[in-house]
Each structure stands twice: as C-alpha cells, then as structure tokens.
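Now for the letters of each chain:
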2 protein chains.
Amino acid sequence: MEDRPTRVPAARNGWLKPITQAILERRATVAFTDDAVPDDVLGAILQLGLQAPSGYNLQPWRFIVVRDPANRARLQSVANDQAKVSQAPIVVIAVGMREAWRAEMDEVFLEGLKRGLVKRPADVTRGQEAATRFLDGMSRDVWVNRHTMIAVTYMMLVAEAYGYDTAPMEGFDAEGVKREFGIPDDAEVVALLGIGRARPPDKPYPGRFPVDRMVYAESFGTPWSERSRA
Amino acid sequence: MEDRPTRVPAARNGWLKPITQAILERRATVAFTDDAVPDDVLGAILQLGLQAPSGYNLQPWRFIVVRDPANRARLQSVANDQAKVSQAPIVVIAVGMREAWRAEMDEVFLEGLKRGLVKRPADVTRGQEAATRFLDGMSRDVWVNRHTMIAVTYMMLVAEAYGYDTAPMEGFDAEGVKREFGIPDDAEVVALLGIGRARPPDKPYPGRFPVDRMVYAESFGTPWSERSRA
C-alpha cells in the first residue's frame, strides 16, 4: 500500500478556502460552465478522497472518473437525463464494493502488521476474525454506502476549497449505470459527483431546520439548547 | 427554517487547519485525554454539520450529544465496551430518520417556495410527488445512511480543523443504543463520533491502496493513470 500523498497542493495561486467557508459557500451546482478542472486539482481531489477512513481500513470503494463527452452523455441517459451530468467536465461515479474486502483483507491486515498497528501475527488472525464476524453480521449495502459517502464528502469539500463547484447526485438508474460502465454485480452505485465551475446564478440557500430540532442533548428528543443552558 | 450560521469562528486563536492538512493529519483516535471541548468549538461543529447537503433538502438526520459521564458509560456498554466511548468528553450519536421526511416535506418545500428555489405552488406539488416517488422506490436504510454520513464527515473534518481529534465508530449494538437513548424504532443509528483530544501516541498510518487500484478512468477496471496519461 501507499503512504500519504505528498504532492497535494497546499494552496493554488496562494489560495485555499478555509473549511468553514467551504461548508458555508458550497451549493449543489445546477448548471456547469465549460471550464476544465486542472489536472493537479483533480489529482488532489482523488488522492485526498482516498484518505477517507474506513472500518479496519478496508477501503470498500472505487471511483470512476468520467471525462469523455460521449461517456458523460451516456451517463446522463441513465441519470434521469439531468443536463448537468454532461455539462460537468468531470463526473465521478462513486461505487461501494460489497465483497471485495474478503479478497483484500489479507493485504490490509498484513500491511497493518508491517506498519506496527498490530504487533504479532496472531493479532492479524484475531483482527480478521473480528472483521469477518462484524461484516457478516451487518447489511453490506448500508456498510458500503456509509463508507463511500465519507470519501465522496472529502472530494466535495476539497473541490470547493480549491475554488471548484460540485453537484452530488442521487438520481440515477443504478442498474443502468452499472451496465453502461462495466460495474460488477456485487458493487453498489452510491452517488455521482459532478465537478467543475458553476454557471451563475447559484440557486438560493434553501434553509436548514433549527439546531434545536436536529440536535439533542443526552437523549433523543431533548432540544440541545435546553440542556446545554442548564 | 434558519439561514446560514453567522457566528461560526473563522479561526481559533488566529488559527484554522487547512482542509488538505486536516485530511492528511486526521487519525481515528484510539484514546482520549480529559481535555474538554470548548462550547464555541462544539457549537461550530454542530452548526456546520447541519449545513450538509441532502436530497430535496430533507435533512433526514438527528444528532444526540452525549457529554454526561454516566451517559457516556451507558453508551460504552452498548458500544462493544470500547473505552474511548467514555473517555471522549463528547460522543455524538448520529441517527438517520427513515420516515420523518413524510411529515417534514411540506415545511421543506414551502420554505423552498418562500426562498425562491421554485416559483409557483404547482412546483411544490410536483416536487413533493417526485420526492415521494423517489423515496418510496429506494432502500430507506441506504438513503439515511448516505445522508447522515455526509454530516458526520463534516463534523469530523471541522473538529480536526479546529485542532480537535475524533473517533468515528461503527462498532455498536444499534438496538441497545436505541433503547438506552430513547431513539424511536423508525430511526437508524448510523455512527458514533467521539470528539476530544487524542492521548499520544497516534496509531501508525495504515496505508492506502494505490490510486490506480481505487480510481478508474471512464469505465470500471481501467486504471486511472493509464487513460489519463494517454
């Protein structure tokens, strides 16, 4: 396996949007311009996306970068015919792998031994048994969706921080996307992420439910501010 | 609904970690110190977490902030007895709501009309019908997990940017967590997120699969660099 990427630009033209600002300014892009995304930006988005954490470091994801115009048009045809799919210079198809961990687990755990995460070969065996029990005991669909969305979120925020815009999309025909892009049966299409430059105007900010309705203190249903004021 | 939060600290003591650095330095915390997380930091983590995007802006999530030591101990007892659960000064229980959107949809769409996302009342009706068709046609478990993980990832990266450490956890007895914290049946426990300060040493970096194995160009299975070099 590889170490952390070392060639990720810390800033572009001396500039990187702070995460607080990136979160507040990010909007789901409605329409993209023709502006290309430079290779160093795309490389950083992908490399940093792959730094997302995963249970037991199993990394149960794959990402297909679609840039060819004919392929973007094909993708649009299986994504509710949304124009932004073929407008965006890049669309990433984020895929969760339900079963790849079985074949990749040895590699992951032996790498952990090599890097000192565990000390003894017996720990590798024990870790693999625990991981197998855990994964066999849960919905693999849920598991791959959880993990893959962490990486998609990394990519979305990194793009925004470098000054690019994104459109995360959940409206697609998963079977159609799999057929058109050669995705195997045991994989799940989790999301599409368009990346490029938004064509103004942004759509208005839609509002958010108040913190007190979405955040509870200590138990479900207790509004956050009531308890935190106490 | 509410506008964007305006009191989120842009930096603390003149300092905020760039997102590139936050992603590269973040590790899943193994053990926490007793250091508290200041209220302004926690407030920013929560408020920015709630800015996560969601399909139709339905925001299908809730977050329970557990700080009381007795409650953290109770949470530990239903989270594989992991010591870090009661060590972390804060553990957020991230919950996905499978059915809340039915009752909240009117509010979301009328807010969209008020804010100019759609122009006419007929668009509200059409939007609600489309959202209902979409949601009735998909696994609600998958849907809430995808969305809630975006918000959890926001919280994790914001905490890191302010200089705090986190531990995302998937090892818990979901039914036990629901029982202990009054979480209703139609909700799904998606993740736990411990927030605090890591007790050194960090565990070693576990490595990542190479970009060429995880990223494909144009179709599943074509290593990224082959096509991108062409």
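If you had to explain the relation of the copies chain A and chain B to someone new, which residues and values would you point to?
Mapping chain A onto chain B calls for a screw motion: a turn of 180° about the axis and a shift of 0.0 Å along it, with 0.0 Å RMSD after fitting. The two molecules are tied by a two-fold rotation axis, judged by turn and shift. Take the interface residues of chain A: 100% of them recur as interface residues in chain B, which is what a same-surface contact looks like.

Can you lay out empty space enclosed by the protein for me, pointing to particular residues and giving the numbers?
Where empty space is left in the structure can be found by rolling a water-sized probe over the atoms. Within the structure shown, the criterion is met by three cavities of 30 Å³ or more. Taken together, R4 and Q51 of chain A together with I23, L24, R26, R27, Y205, P206 and R208 of chain B make up the lining of the largest cavity.

Please provide a residue-by-residue account of unusual backbone geometry, values included.
Generally, phi is negative for residues other than glycine and the peptide bonds are trans, each holding for most cases. Residues P200 of chain A and P201 of chain A are joined by a peptide bond in cis, for which omega reads -5°. Position of P201 of chain A relative to the elements: it lies in the loop between β4 (187-196) and α9 (211-214). Within the chain, Q59 of chain A stands out as a residue other than glycine whose phi angle is a positive 50°. Mapping Q59 of chain A onto the fold places it in the loop between α2 (39-49) and β1 (61-66). The buried category is assigned to Q59 of chain A, whose relative accessible area is 1%. With a phi close to 55°, D81 of chain B is a non-glycine residue in the positive phi region. Within the fold, D81 of chain B resides in the loop between α3 (69-77) and α4 (83-87). Given the relative accessible area of 55%, D81 of chain B is considered exposed.

Go over the sheet that holds strand β5 (residues 215-217) of chain A with me, naming the residues and quoting the values.
With mixed pairing, five strands are arranged side by side in an open sheet as β5(A)-β1(B)-β2(B)-β4(B)-β3(B). Only two strands of the sheet have a single partner each, and these edge strands are β5 of chain A together with β3 (165-169) of chain B. Averaged over all neighbouring strand pairs, the angle between strand axes comes to 25°, with direction disregarded. The pairing of strand β2 (residues 90-97) of chain B with strand β4 (residues 187-196) of chain B spans eight bridges and is antiparallel. Residue pairing in the sheet places A94 of chain B in a bridge with A191 of chain B of β4 of chain B. Sitting on the sheet, helix α7 (residues 140-161) of chain B touches β1 (61-66), β2, β3 and β4 of chain B, and the angle it makes with β4 of chain B is about 10°.

I'd like a description of the sheet that holds strand β3 (residues 165-169) of chain A, backed by residues and values.
The strands making up a sheet are joined through hydrogen bonds of the backbone, oriented either antiparallel or parallel. Judged by pairing direction, the sheet is mixed, and its five strands sit side by side in the order β3(A)-β4(A)-β2(A)-β1(A)-β5(B) without closing on themselves. In this open sheet, the two edge strands, each paired with only one partner strand, are β3 of chain A together with β5 (215-217) of chain B. The mean inter-strand angle of the sheet, taken between neighbouring strand axes irrespective of direction, is 25°. In this sheet, strand β2 (residues 90-97) of chain A lies alongside β1 of chain A in antiparallel orientation, the contact comprising six bridges. Note on β2 of chain A: the bridge partner recorded for V65 of chain A is V92 of chain A. Against the sheet, helix α7 (residues 140-161) of chain A engages β1, β2, β3 and β4 of chain A, with an angle of about 10° to β4 of chain A.

A description of the packing of helix α5 (residues 100-114) of chain B against helix α6 (residues 121-136) of chain B should follow, citing residues and the corresponding values.
Residue and element names in this part refer to chain B. One can describe the packing of α5 onto α6 by two numbers: an axis separation of 10 Å at closest approach and a directional angle of 145°. Where α5 crosses over α6, the handedness of that crossing is right-handed. Counting all contacts with α5, which are made through W101, R102, M105, D106, F109, L110 and L113, the residues of α6 involved are P121, V124, G127, Q128, A131, T132, L135 and D136. Along the lines of polarity and charge, the residues of the contact of α5 with α6 split into nine nonpolar, three polar and three charged.

Run through the nonpolar core, naming residues and quoting values.
In this structure, I19, F63 and Y162 of chain A together with I19, F63 and Y162 of chain B are the most contacted members of the largest nonpolar core, which totals 111 residues. When near neighbours in sequence (up to four residues on either side) are disregarded, I19 of chain B contacts L16, I19, L157, V158 and A161 of chain A together with L157 of chain B.

Can you lay out the interface of chain A and chain B for me, pointing to particular residues and giving the numbers?
The partner chain B presents 90 residues to the 90 residues of chain A that form the contact. Where chain A abuts chain B, roughly 8,300 Å² becomes buried across the two surfaces, and 63% of that area is made up of carbon and sulfur atoms. Per-residue buried area on chain A facing chain B is highest for R208, E218 and F220 of chain A; these three make up 10% of the total on that side. At the junction of chain A with chain B, the criterion picks out six salt bridges. Linking E188 of chain A and R146 of chain B is a salt bridge whose minimum nitrogen-to-oxygen distance equals 3.6 Å. Remark: the boundary between chain A and chain B carries 52 residue pairs in polar contact (both at pLDDT 80 or more). At 14 residues, the largest contribution of residues to the side of chain A that touches chain B is made by α7 of chain A. In terms of residue class, the side of chain A that touches chain B is made up of 54 nonpolar, 16 polar and 20 charged. Across three bridges, the pairing between β1 of chain A and β5 of chain B is parallel. Bridge pairing in β5 of chain B links I64 of chain A to Y216 of chain B.

Provide a residue-level description of the confidence of the model for chain A, including the pertinent values.
Caution is warranted with low-pLDDT regions, since their predicted coordinates should not be read in detail. Considering every residue of chain A, the mean pLDDT works out to 95; 98% of them sit at 70 or more. This prediction of the complex comes with two scores: 0.97 for pTM and 0.97 for ipTM.

Outline α7 of chain B, listing residues and values.
Residues and elements named next belong to chain B. Compared with the 32 Å implied by 1.5 Å per residue over 22 residues, the 32 Å span of α7 between its first and last C-alpha is a close match. Here α7 lies mainly inside the structure; 21 of its 22 residues are buried. With its phi angle positive at about 100°, G163 sits one or two positions after the end of α7.

Give me the pattern of salt bridges: which residues, what numbers.
Following the criterion strictly, the structure yields 44 salt bridges over all chains and no others. In this structure, R67 of chain A and D39 of chain A form a salt bridge, with 3.6 Å as the shortest nitrogen-oxygen distance. Of this pair, R67 of chain A sits in the loop between β1 and α3 (69-77) while D39 of chain A sits in helix α2, and the two are 28 residues apart along the sequence. Between R213 of chain A and E104 of chain B there is a salt bridge; the shortest N-O distance is 3.9 Å. With R213 of chain A in helix α9 and E104 of chain B in helix α5, this pair bridges two chains. Look at R213 of chain A and you get partly exposed, because its relative accessible area is 31%.

Cut-offs and rules
- Residues numbered from 1 in each chain as written.
- Chains lettered and ligands numbered in written order.
- Predicted model: local features only at pLDDT ≥ 70, side-chain atom pairs only at ≥ 80, totals over all residues.
- Heavy atoms only, no water.
- Least-squares fit on C-alpha atoms with pLDDT ≥ 70 in both.
- Contact = heavy atoms within 4.5 Å.
- 1 Å grid on protein atoms, 1.4 Å probe; cavity = no way out; pocket = protein on both sides within 12 Å on 5 of 7 lines; lining within 4 Å.
- Points joined across faces, edges and corners; volume = space filled by probe spheres on them.
- Helix = DSSP H or I, 4+ residues; strand = E, 2+ residues; numbered from the N terminus.
- Buried < 20%, exposed > 50% of the residue type's maximum accessible area, 1.4 Å probe, protein only.
- Pairing = 2+ DSSP bridges.
- Axes fitted to C-alpha atoms, helices over the stretch in contact; angles between N-to-C directions.
- Left-handed = near helix turned anticlockwise from the far one by under 90°.
- Nonpolar A, V, L, I, M, F, W, Y, C, P; charged D, E, K, R; others polar.
- Core = buried A, V, L, I, M, F, W, Y, C linked by side-chain atoms within 4.5 Å.
- Buried area = accessible area lost by both parts, 1.4 Å probe.
- Salt bridge = Lys/Arg side-chain N within 4 Å of Asp/Glu carboxyl O.
- Polar contact = N/O pair within 3.5 Å; in protein donor to acceptor, adjacent residues only side chain to side chain.
- pLDDT = per-residue confidence, 0-100.
- Expected span 1.5 Å × (residues − 1).

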